[in-house]
Number of protein chains: 2
Amino acid sequence: MSMTNPTPPSINRASDNGALLKQDMGARARVIEHTIDTLLPLTTGGDARLIEAMRYATLGGGKRLRGYLAIVTASLFGVPESQSARVAASVEMLHAYSLVHDDLPAMDDDDMRRGQPSTHRKFDEATAILAGDALQTKAFEILAASQTHTDANVRIDLISAFAEASGAAGMVGGQMIDMEGEGRALPLEEVRHLHALKTGCLIRYSAESGAILGQASPDLRRRLRSYGANIGAAFQIADDVLDATATAEELGKTAGKDEASGKSTFVALLGIEGAKAEALRVTEEAIADLGPFGAQADRLRDLAYYVIERKN
Amino acid sequence: MSMTNPTPPSINRASDNGALLKQDMGARARVIEHTIDTLLPLTTGGDARLIEAMRYATLGGGKRLRGYLAIVTASLFGVPESQSARVAASVEMLHAYSLVHDDLPAMDDDDMRRGQPSTHRKFDEATAILAGDALQTKAFEILAASQTHTDANVRIDLISAFAEASGAAGMVGGQMIDMEGEGRALPLEEVRHLHALKTGCLIRYSAESGAILGQASPDLRRRLRSYGANIGAAFQIADDVLDATATAEELGKTAGKDEASGKSTFVALLGIEGAKAEALRVTEEAIADLGPFGAQADRLRDLAYYVIERKN
């Protein structure tokens, strides 16, 4: 090995980074799955069906992008996985509750989710409503427990940021704007705002949560928050592109739904190539946010590219 | 005034206690209403309709039993009303979310609530689902904020107890058992258990919250928790009696619904007189829990009787 020809910094992606990332995501997904499994034990009492529906909605798959972000950003600050996996489980439960309610007939009316019947199809509507409600409660309960962090101030910080990201001024607010905007052509800035709320806030929180758990400096916390917001935006644009180009089999859910329902998407506004360029632009902003972390944040750089290159 | 003939302890209720209690409940209800109003400010952005629905579901009436309990139990420990009114607003928001979701067509399918159209009738189903979701988030957000208590450990304590009372092992679990039990005759013990979860847990938490805010001794906290559980049970039995005996006009909601839907109620199991006797029995247990508080807890004693004597 020659010292005069060093390996280029991994921000120039080597061809096998994608494979290593997928391997790492898979390993962390299993940790998250196991953590959720432990936090939602099966019961035999009157609430058995409710717990079963909560487990159905949260276990058994998904990329665990949000949970992965929580674990990887926490690892930058040396936070033990026993703590960050709880935050990951909590954010995945919140994400799952939002999908369960979003799939309801009165909302998006989706029969399929990850290639399986959605929760209200597998169980019934009432059970799906209650399972979603209880998953949200559980997500907050997990953050409040002392196992998540010994310092109560850190737990409070997590809970406040989580509530901000997921409530009326965040995810649920975005879902509302999305429902109201259906069948109406929204300008680009409104579409951006809608997605920043609907999917962006929770992904942003996931990246920020590692900095909160790690009691990072305000600057590093702000950078991870911005990184999360940017890959959240990239994720949504890539989702629009996938909806317009992939098959239902590839997606594990109904394809071409956006166009059919007259939703304002990045693809409708910018065309497929324009949307791809926009996704790349925000991905590069996400990469720029990671500057001060150096090579330690390579996994997060790979993840930023993965988000716009994934096939489902 | 003769010292040899002291006034009997006010546990023997004077005839005007009911009027004083109602006056106090009214005054505190206005404080709670004002606090909710401040915590849910109207907006003009894309989330305006969501906030409007959240306000519709939480403002404009109700007895505020849960919020009242939070304020009165906190006052036993000298907690400022600026803190306890936030806990009261939080628990009333959580209660409101549960009613909004409970009224949905897929659940109890109720068109009326407090004499007004239920939230999904006033707005639409999707908005009602989302408003309920965001109200739950907001309830946790309020507890996490430093205005609720300066000590983060106290806020964590509130959040943990709140999550326990309202999630799958509490309120939502009770709603699930209630849905599953419909049209099926449940034995008395199961009806008791169902209501302890469905309505009891949140009323119990409300009474306990004052002890948490006031950093009470474990014994006093346990006593207020038990008091809350007992008046929660009394409240539900009285509700069953009211449903069987009052008119829709008196109730502000559909009357006689329990019998029509084949629900197992205390009235169905014990008869009207038997149910009334049972309500009195648990009310007296609630009074016994208050022993160590002496005359300071007279308002809570009056409240225990009010719960079983109310007309709506």
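Just so we're clear, the structure is a prediction, and the values are computed from it rather than from any experiment. (Residues numbered from 1 in each chain as written. Chains lettered and ligands numbered in written order. Predicted model: local features only at pLDDT ≥ 70, side-chain atom pairs only at ≥ 80, totals over all residues. Heavy atoms only, no water.)

Details of the overall build of chain A
Here is the rule we go by: Runs of H or I in DSSP of at least four residues are treated as helices and runs of E of at least two as strands, each being numbered from the N terminus. Think of it in three bands: with a 1.4 Å probe and only protein chains considered, a residue is buried below 20% of the maximum accessible area for its type, exposed above 50%, and partly exposed in between. Contacts were defined at the residue level, with two residues in contact if any of their heavy atoms lie within 4.5 Å. Each accessible area value is a Shrake-Rupley result obtained with a 1.4 Å probe; residue values ignore everything except the protein chains displayed when judging cover.
Each helix and strand in chain A was counted, giving 14 helices and two strands. Looking at the 312 residues of chain A, the share that counts as buried comes to 55%. Excluding contacts between residues fewer than 6 apart, the proportion of contacts in chain A whose partners are at least 24 apart in sequence is 74%. For chain A, the exposed surface amounts to about 12,600 Å²; the carbon and sulfur share of it is 52%.

Considerations on the interface of chain B and chain A
Which entries qualify depends on this criterion: Once two parts are joined, some of their accessible surface, as seen by a 1.4 Å probe, is lost; buried area is that loss totalled over both. A carboxyl oxygen of Asp or Glu within 4 Å of a side-chain nitrogen of Lys or Arg is what we treat as a salt bridge. We define a polar contact as two N or O atoms separated by no more than 3.5 Å, with the added condition that, inside protein, one atom must be a possible hydrogen donor and the other a possible acceptor, whereas residues neighbouring each other in sequence contribute only through side-chain atom pairs.
Between chain B and chain A, the contact holds 41 residues from the first and 41 residues from the second. Both sides together, the interface formed by chain B and chain A hides about 3,400 Å², and carbon and sulfur atoms give 75% of it. Taken as a group, Leu-130, Ile-156 and Met-176 of chain B account for 18% of the area that chain B buries against chain A, more than any other trio of residues on that side. Connecting chain B to chain A are zero salt bridges. Our enumeration of links across chain B and chain A arrives at six residue pairs in polar contact (both at pLDDT 80 or more). Mapped onto the side of chain B that touches chain A, the elements with two or more residues apiece are α2 (48-58), α4 (81-102), α6 (125-144), α7 (152-166) and α8 (171-181) of chain B.

Remarks on the environment of Val-100 of chain B
Secondary-structure assignment places Val-100 of chain B in helix α4. Once you skip the residues sitting within four places of it in the chain, Val-100 of chain B turns out to touch Ala-57, Thr-119 and Ala-128 of chain B.

Quick look at the packing of aromatic side chains
Residues and elements named next belong to chain B. Here is the rule we go by: For Phe, Tyr and Trp, rings pair up if their centres lie within 6.5 Å, where Trp contributes its six-membered ring, and each pair is then called stacked (planes under 30 degrees apart), edge-to-face (over 60) or tilted (otherwise).
Scanning the model with the defined rule gives nine aromatic pairs over all chains in all. An angle of 70° between the planes, with centres 5.7 Å apart, marks the rings of Tyr-56 and Phe-123 as edge-to-face. Pair noted here: Tyr-56 is in helix α2 and Phe-123 is in the loop between α5 (119-122) and α6, with a separation of 67 residues, a long-range link. A relative accessible area of 25% places Tyr-56 in the partly exposed class. You can call Phe-123 buried: its relative accessible area is 13%. When the centroid spacing of 6.2 Å and the interplanar angle of 85° are considered together, the rings of Phe-77 and Phe-293 count as edge-to-face. With Phe-77 in the loop between α3 (65-75) and α4 and Phe-293 in the loop between α13 (266-289) and α14 (298-309), this residue pair connects regions lying 216 residues apart in the sequence. The class of Phe-77 is partly exposed, set by a relative accessible area of 23%.

Observations concerning the pattern of salt bridges
Residue and element names in this part refer to chain A. Counting across every chain of the model gives 50 salt bridges over all chains. Between Arg-64 and Glu-33 there is a salt bridge; the shortest N-O distance is 2.8 Å. Here the residue Arg-64 occupies a position in the loop between α2 (48-58) and α3 (65-75), and Glu-33 occupies one in helix α1 (residues 17-39), the gap between them amounting to 31 residues. On the basis of relative accessibility, which here comes to 3%, the residue Arg-64 falls in the buried class. Glu-278 is the partner of Arg-281 in a salt bridge, and the nearest nitrogen-oxygen pair spans 3.1 Å. Taken together, the residues span about one helical turn, with Arg-281 and Glu-278 both in helix α13 (residues 266-289) at a distance of three residues. Take Arg-281: its relative accessible area is 37%, and that puts it in the partly exposed class. Accessibility expressed as a relative area gives 10% for Glu-278, which makes it buried. Each of Asp-157, Glu-164, Arg-204, Glu-208, Arg-221 and Arg-225 takes part in a single network of salt bridges with overlapping partners.

Topic: the nonpolar core
Here is the rule: The definition of a nonpolar core used throughout is a set of buried Ala, Val, Leu, Ile, Met, Phe, Trp, Tyr and Cys residues joined through side-chain atoms within 4.5 Å.
One finds Tyr-205, Tyr-227 and Leu-303 of chain A together with Tyr-205, Tyr-227 and Leu-303 of chain B to be the most contacted residues of the largest nonpolar core, which totals 192 residues. Here Tyr-227 of chain A is in contact with Leu-69, Ala-207, Ala-286, Asp-289, Leu-290, Leu-300, Leu-303 and Ala-304 of chain A, once residues within four sequence places are set aside.

Some words on the relation of the copies chain B and chain A
The pair of chain copies shares a relation made of a rotation about an axis and a shift along it. We count it as follows: When the copies are superposed, the least-squares fit takes in the C-alpha atoms of residues with a pLDDT of at least 70 in both.
The operation relating chain B to chain A is a screw motion whose rotation component is 180°, with 0.0 Å of axial translation and a residual RMSD of 0.0 Å. In short, the pair behaves as if placed about a two-fold rotation axis. Relative to the rotation axis, the closest C-alpha in chain B is found at Ala-152 of chain B, a distance of 2.9 Å. Interface residue correspondence from chain B to chain A reaches 100%, placing this contact among same-surface, isologous pairings.

A word on α2 of chain B
The periodicity of an α-helix, 3.6 residues per turn, causes residues three or four places apart in sequence to face the same way. Of the positions making up α2 of chain B, those classed as buried are Leu-50, Ile-51, Ala-53, Met-54, Arg-55, Ala-57 and Thr-58 of chain B. The secondary structure elements touched by the buried residues of α2 of chain B are α8 (171-181) of chain A together with α1 (17-39), α4, α5 and α6 of chain B. Two residues or fewer past α2 of chain B, Gly-60 of chain B is found with a positive phi of approximately 80°.

Here we look at the side chain of Asn-230 of chain A
Relative to the helices and strands, Asn-230 of chain A is located in helix α10 (residues 218-245). Asn-230 of chain A has contacts with Val-282, Glu-285, Ala-286 and Asp-289 of chain A, leaving out every residue within four places of it along the chain.

Observations concerning a negative patch on the surface
Definition in use: The patches reported here contain residues having more than 30% relative accessible area and no salt bridge. Joining distances are 9 Å for like charges and 5 Å for nonpolar side chains (Val, Leu, Ile, Met, Phe, Trp, Tyr). Note that His is not counted, nor are the chain ends; the positive residues are Lys and Arg, and the negative ones are Asp and Glu. The atoms used to mark charge sites are NZ of Lys, CZ of Arg, CG of Asp and CD of Glu.
Together, Asp-109 and Glu-125 of chain A together with Asp-109 and Glu-125 of chain B make up a region of like negative charge exposed at the surface. When you line up the elements, Asp-109 of chain B lands in the loop between α4 and β1 (112-113). Accessibility expressed as a relative area gives 43% for Asp-109 of chain B, which makes it partly exposed.

Side note on the side chain of Gln-83 of chain A
With respect to the helices, strands and loops of the structure, Gln-83 of chain A is situated in helix α4 (residues 81-102). Other than its neighbours up to four places away in sequence, Gln-83 of chain A contacts Gln-147, Thr-148, His-149, Thr-150 and Leu-213 of chain A.

Remarks on the confidence of the model for chain A
Here is the rule we go by: A residue's pLDDT is the confidence the predictor assigns to it, expressed on a 0 to 100 scale.
Per-chain confidence: chain A averages 91 in pLDDT, with 89% of residues scoring 70 or above. Predicted confidence for residues 1-12 of chain A stays below pLDDT 50, and this span has five contacts to residues more than four positions away or in other chains.

Regarding the packing of α4 of chain B against α8 of chain B
Residues and elements named next belong to chain B. Put simply, the rule is: For every element, the axis is a line fit to its C-alpha atoms; helices are fit only across the contacting stretch, and the angle between N-to-C directions ranges from 0 to 180 degrees. Throughout, the term roughly parallel applies to angles under 35 degrees, roughly antiparallel to angles over 145, roughly perpendicular to angles from 65 to 115, and oblique to all others. A crossing counts as left-handed when the near helix is turned anticlockwise from the far one by less than a right angle, and as right-handed when that turn is clockwise. When residues are sorted by character, Ala, Val, Leu, Ile, Met, Phe, Trp, Tyr, Cys and Pro go into the nonpolar class, Asp, Glu, Lys and Arg into the charged class, and all the rest, Gly among them, into the polar class.
One can describe the packing of α4 onto α8 by two numbers: an axis separation of 12 Å at closest approach and a directional angle of 20°. Relative to α8, the element α4 lies roughly parallel. As α4 runs across α8, the sense of the crossing is right-handed. For the pair formed by α4 and α8, the contact residues are Leu-94, Tyr-97, Ser-98 and Asp-102 on the first element and Met-171, Val-172 and Gln-175 on the second. Here the residues of the contact of α4 with α8 sort into four nonpolar, two polar and one charged.

Concerning unusual backbone geometry
Positive phi is not limited to glycine here, since Arg-114 of chain A has a value of about 50°. Looking at the secondary structure, you find Arg-114 of chain A in the loop between β1 (112-113) and β2 (116-117). Residue Arg-114 of chain A is classed as partly exposed on the basis of its relative accessible area of 34%. The phi dihedral of Asp-109 of chain B is positive, around 55°, even though this residue is not glycine.

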